[in-house]
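# Overview (structure and organization)
Now for the letters of each chain:
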Amino acid sequence: MTTSVLGFKISMPIMIAPTAMQKMAHPEGEYATARAASAAGTIMTLSSWATSSVEEVASTGPGIRFFQLYVYKDRNVVAQLVRRAERAGFKAIALTVDTPRLGRREADIKNRFTLPPFLTLKNFEGLDLGKMDKADDSGLASYVAGQIDRTLSWKDVKWLQTITSLPILVKGVLTAEDARLAIQNGAAGIIVSNHGARQLDYVPATIMALEEVVKAAQGRVPVFLDGGVRRGTDVFKALALGASGIFIGRPVVFSLAAEGEAGIRKVLQMLRDEFELTMALSGCRSLREITRNHIVTDWDVPRLVPRL
């Protein structure tokens, strides 16, 4: 089950997606996630909006870590953050491209969501951007509207390459057209993601969009799936459709809230065990033997038109 991602060897094609503000789930937050990922021999992606800084996560010990990036209006802030991630030993940038504006998150509006007063967005603490003001609706929506650059475009992927030598994964792609543009603009990999379906109602599920993106990539860069994975069988399906690996978000946050670091270790082990069993019962001795022939999708089955 071992594989390589951007040249880094990991124990399984199951990695941890960026999820923000993890200390809202558990006091140890991103510290616990980093330790659990390292113990499992896999990659953790740290959110820009983490409640632990890149330096603090690096201090937990060795591990392969990626850094998820939002592009702020102030490009000096972005450049500073990328340099800090590099210095802290992070190995890649996962640039989120599907959030130039925040989706209408009605639960956040109803609850007037904001960060608790005892927490900050640690990566921005010294830049006076670590706090989220209370608002009449969603404090997060107001923060995004004030700070995130909604003119984000493909030229920003090019710009990022001028300020860092780290490989850039483009996260938030759902179509063949965007996959081709990502590759043309120098992406080292693509992450198929719909942002947990929280950005826009009725977007396709990631598994529905995956094969289109894989075909458009034509093997030029690896394609990963982020979102919707709850079972080892889901991992198998994603790999059969051409993904090089998957990222999990909600299962990590749920298990972190339940049992801290031990919870995340348990969820990673459960997914690993289920995936290994699925491979065995499907006759696959290695990841290479998982093929498109192992699954049938809705779009493989011809629709039967009734005769009138």
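Here the structure is a predicted model, which means the values were calculated and not measured.

## Re the overall build of the protein
Within the protein one finds ten helices and ten strands. For 308 residues, the compact-globule formula gives about 19 Å, and the C-alpha radius of gyration of the protein, at 19 Å, lands near that figure. With respect to the principal axes defined by its C-alpha atoms, the protein has extents near 60 × 45 × 40 Å. Pairs at least 24 apart in sequence give 65% of the contacts found in the protein among residues at least 6 apart.

## Regarding the pattern of salt bridges
Applying the stated criterion to the full structure yields 16 salt bridges. Across the salt bridge formed by Arg35 and Glu28, the nearest N and O atoms sit 2.6 Å from each other. Using a relative accessible area of 27% as the deciding quantity, one classes Arg35 as partly exposed. Between Arg75 and Asp156 there is a salt bridge whose closest N-O contact spans 2.7 Å. Here the residue Arg75 occupies a position in helix 3 (residues 75-87), and Asp156 occupies one in helix 6 (residues 154-163), the gap between them amounting to 81 residues. Salt bridges sharing common partners tie together Glu28, Arg35, Glu261 and Arg265.

## A closer look at the nonpolar core
Note that soluble globular proteins tend to have their nonpolar side chains buried in a common cluster. Judged by nonpolar contacts, the single largest core of 85 residues is most densely connected at Trp49 and Tyr72. Here this core takes eight residues from helix 10 (residues 250-281), the largest share from any one element. Those residues in contact with Tyr72, other than ones at most four positions away along the chain, are Trp49, Val77, Val78, Phe124, Leu129, Tyr143, Gln147, Ile148 and Asp149. One finds Met15, Ile43, Phe66 and Ile191 within the second-largest nonpolar core, a separate group that totals twelve residues.

## Examining the environment of Ala135
Along the chain, Ala135 falls in the loop between helix 4 (106-111) and helix 5 (139-147). Expressed as a C-alpha distance, the spacing of Ala135 and Gln68, which sit 67 residues apart in the sequence, is 26 Å. In this view, Ala135 contacts Arg112 and Ser142; residues no more than four positions away in its chain are not counted.

## Details of unusual backbone geometry
Of note in this structure, Leu6 is not a glycine but carries a positive phi near 55°. Tracing the backbone through its elements, the reader meets Leu6 in the loop between strand 1 (3-5) and strand 2 (8-10). The phi angle at Met21 is positive, at roughly 55°, despite the residue not being glycine. Note that Met21 resides in the loop between strand 3 (14-16) and helix 1 (29-40).

## A short note on the pairing of strand 9 (residues 223-226)
Where burial is concerned, the two faces of strand 9 agree: the one with Val223 and Leu225 and the one with Phe224 and Asp226 are both buried. Alignment of strand 8 (residues 189-193) against strand 9, held across four bridges, turns out to be parallel. Bridge assignment links Ile191 to a residue of strand 9, and that residue is Phe224. Assessed by its sense of winding, the connection that carries the chain from strand 8 through helix 8 (residues 206-217) to strand 9 is right-handed. Bridging between strand 9 and strand 10 (residues 245-248) involves three bridges; their strand directions are parallel. Bridging across to strand 10, Asp226 finds its partner in Phe247. Taking the sense of rotation as the criterion, the β-α-β connection linking strand 9, helix 9 (residues 232-240) and strand 10 turns out right-handed.

## Focus: helix 5
Listed as buried for helix 5 are Gly139, Leu140, Tyr143 and Val144. The arc enclosing the buried residues of helix 5, seen along the axis, measures out at 135°, which places them on a common side. As for helix 5, its buried residues are in contact with helix 4. Of the residues that open helix 5, the one with a side-chain oxygen 3.3 Å from the backbone nitrogen of Leu140 is Ser138.

## Things to note about the pairing of strand 7 (residues 168-173)
Buried residues dominate strand 7, accounting for six of its six residues. Two elements, strand 6 (residues 92-96) and strand 7, share four bridges in a ladder whose sense is parallel. Paired with Thr96 across the strands is Lys171, a residue of strand 7. The pairing of strand 7 with strand 8 spans four bridges and is parallel. Residue pairing across strands places Leu169 opposite Gly189, the latter belonging to strand 8. Taken together, strand 7, helix 7 (residues 176-184) and strand 8 form a β-α-β motif whose crossover is right-handed.

Rules behind the numbers
Residues numbered from 1 in each chain as written. Predicted model: local features only at pLDDT ≥ 70, side-chain atom pairs only at ≥ 80, totals over all residues. Heavy atoms only, no water. Helix = DSSP H or I, 4+ residues; strand = E, 2+ residues; numbered from the N terminus. Rg over C-alpha atoms; globule rule 2.2 N^0.38 Å. Contact = heavy atoms within 4.5 Å. Salt bridge = Lys/Arg side-chain N within 4 Å of Asp/Glu carboxyl O. Buried < 20%, exposed > 50% of the residue type's maximum accessible area, 1.4 Å probe, protein only. Core = buried A, V, L, I, M, F, W, Y, C linked by side-chain atoms within 4.5 Å. Pairing = 2+ DSSP bridges. Right-handed = clockwise from strand over helix to strand, strands pointing away. Arc of directions from axis to C-beta. Polar contact = N/O pair within 3.5 Å; in protein donor to acceptor, adjacent residues only side chain to side chain.

The quantities given are spatial measurements derived from coordinates; they are silent on function.
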